[in-house]
Amino acid sequence: MTTRTRDGSAGDVDYGAIGSGYSSYRRPDERIARFIAEALGDARRVLNVGAGAGSYENAARAVTAVEPSESMRAQRPTQLARAIDAVAEDLPFTDGEFDAAMTLFSVHQWSDFRAGLREMRRVTRGPLVILTCDPALVRGFWLYRYAPEVLETEARRYPPVEELTAALGGTGTVQTVPIPLDCTDGFNEAYYGRPEMLLDPAARQACSAWSFVDDRVRERFDRTLRHDLESGVWDEEFGHLRVRPTCEGSLVIVRATRVSGA
Ligand SMILES: C[S@@+](CC[C@H](N)C(=O)[O-])C[C@H]1O[C@@H](n2cnc3c(N)ncnc32)[C@H](O)[C@@H]1O
């Protein structure tokens, strides 16, 4: 059963409380967009579930967006279609209505990801595309040194990729998505080579995992990272990341086509 906040948020965070700056810090990245476009193939009618402010919606396709949070819907650029107020677990569409469906940085927030994926499968004839993080890999990021609580939260929230592929009927493929050094979509790992960015509280707020930890964790993170940047300790160990053009971290695309006969 999905419960909703006053803002309509239906996942494990209340975007009415933390969502206001989302679209300033989480701008779609064109390099990541290419991976999504390739996974969608030549689909014309595309469903975007947990669409937020509309990142990665391509005007060349007919996109239907579903987004439960009013604060997120309000951040959609005017040239995009209005998002429908609904939840993944109960989609208001008929069977096989879409050529493809995608859900980007969202599935880990749903109250029942299996039910949501079942719904996406029901309403889609072609591929399902999930952009998400592999929880087995999230602790590999240097942030773990400074705020392990944040990445432990991520490791708990993201469904294991095997569970995603199993929920999709076992036909899924998993592809690592390289993160560009100047990635414009500010999820935590996007700052792998720009640690100073994570000292900006608004940048952190655009990554929902930070809302699960208390002020003490945030203060300790700020103090210790700031100290290591000033003393050169961070650069000694991780400075090579400042010039690494891409980083393979935990970001993956899980893609599944319909099982024949299903
Ligand atoms: C991190 S944002 C990602 C937004 C957008 N897809 C993007 O890539 O920028 C997660 C989104 O998932 C939405 N969401 C959470 N639970 C949901 C659910 N049960 N059904 C549909 N959307 C949900 C949130 O409201 C939020 O807009």
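Here, the structure is the one placed above.
Here is a short report on the structure shown in this document. Just so it is clear, the model here is predicted, and its values are computed rather than measured.

About the cut-offs
- Residues numbered from 1 in each chain as written.
- Predicted model: local features only at pLDDT ≥ 70, side-chain atom pairs only at ≥ 80, totals over all residues.
- Buried ≥ 20, exposed ≤ 12 C-beta atoms within 10 Å, placed from the backbone.
- Helix = DSSP H or I, 4+ residues; strand = E, 2+ residues; numbered from the N terminus.
- Pairing = 2+ DSSP bridges.
- Near = placed C-beta within 6 Å.
- Nonpolar A, V, L, I, M, F, W, Y, C, P; charged D, E, K, R; others polar.
- Contact = placed C-beta atoms within 7 Å.

**Observations regarding the pairing of strand β8 (residues 251-256)**
Link 1 in the chain: Most of β8 sits out of view: six of its six residues are buried.
Link 2 in the chain: In β8, alternate side chains face the same way, and those of Leu251, Ile253 and Arg255 on one face and Val252, Val254 and Ala256 on the other are all buried.
Link 3 in the chain: Pairing of strand β4 (residues 128-133) with β8, which is carried by six bridges, proceeds in the antiparallel orientation. Paired with cysteine 133 across the strands is leucine 251, a residue of β8.
Link 4 in the chain: Note: strand β5 (residues 173-176) against β8, four bridges, orientation antiparallel. Bridge assignment links threonine 173 to a residue of β8, and that residue is arginine 255.

**Quick word on the site of the ligand**
Link 1 in the chain: Lining the immediate surroundings of the ligand are 25 residues, of which Gly11, Gly50, Gly52, Ala88 and Ser106 lie closest.
Link 2 in the chain: Looking at the shell around the ligand residue by residue, the class counts come to 12 nonpolar, 10 polar and three charged.

**Some thoughts on helix α5 (residues 113-122)**
Because the α-helix completes a turn every 3.6 residues, residues three or four places apart line up on one side.
Link 1 in the chain: Of the positions making up α5, those classed as buried are Phe113, Gly116, Leu117, Glu119, Met120 and Arg121.
Link 2 in the chain: Here the buried face of α5 lies against β1 (45-49), β3 (100-104), β4 and α8 (161-167).

**As for the environment of alanine 62**
Link 1 in the chain: Mapped onto the elements, alanine 62 comes out in strand β2 (residues 62-66).
Link 2 in the chain: Taking the C-beta count within 10 Å as the criterion, alanine 62 has 14 such neighbours and is therefore assigned partly exposed.
Link 3 in the chain: Once the C-alpha coordinates of alanine 62 and arginine 45 are considered, the two residues, 17 residues apart in sequence, prove to be 4.8 Å apart.
Link 4 in the chain: Apart from residues lying up to four places away in sequence, alanine 62 is in contact with Arg44, Arg45 and Val46.

None of this, on its own, says anything about what the molecule does.
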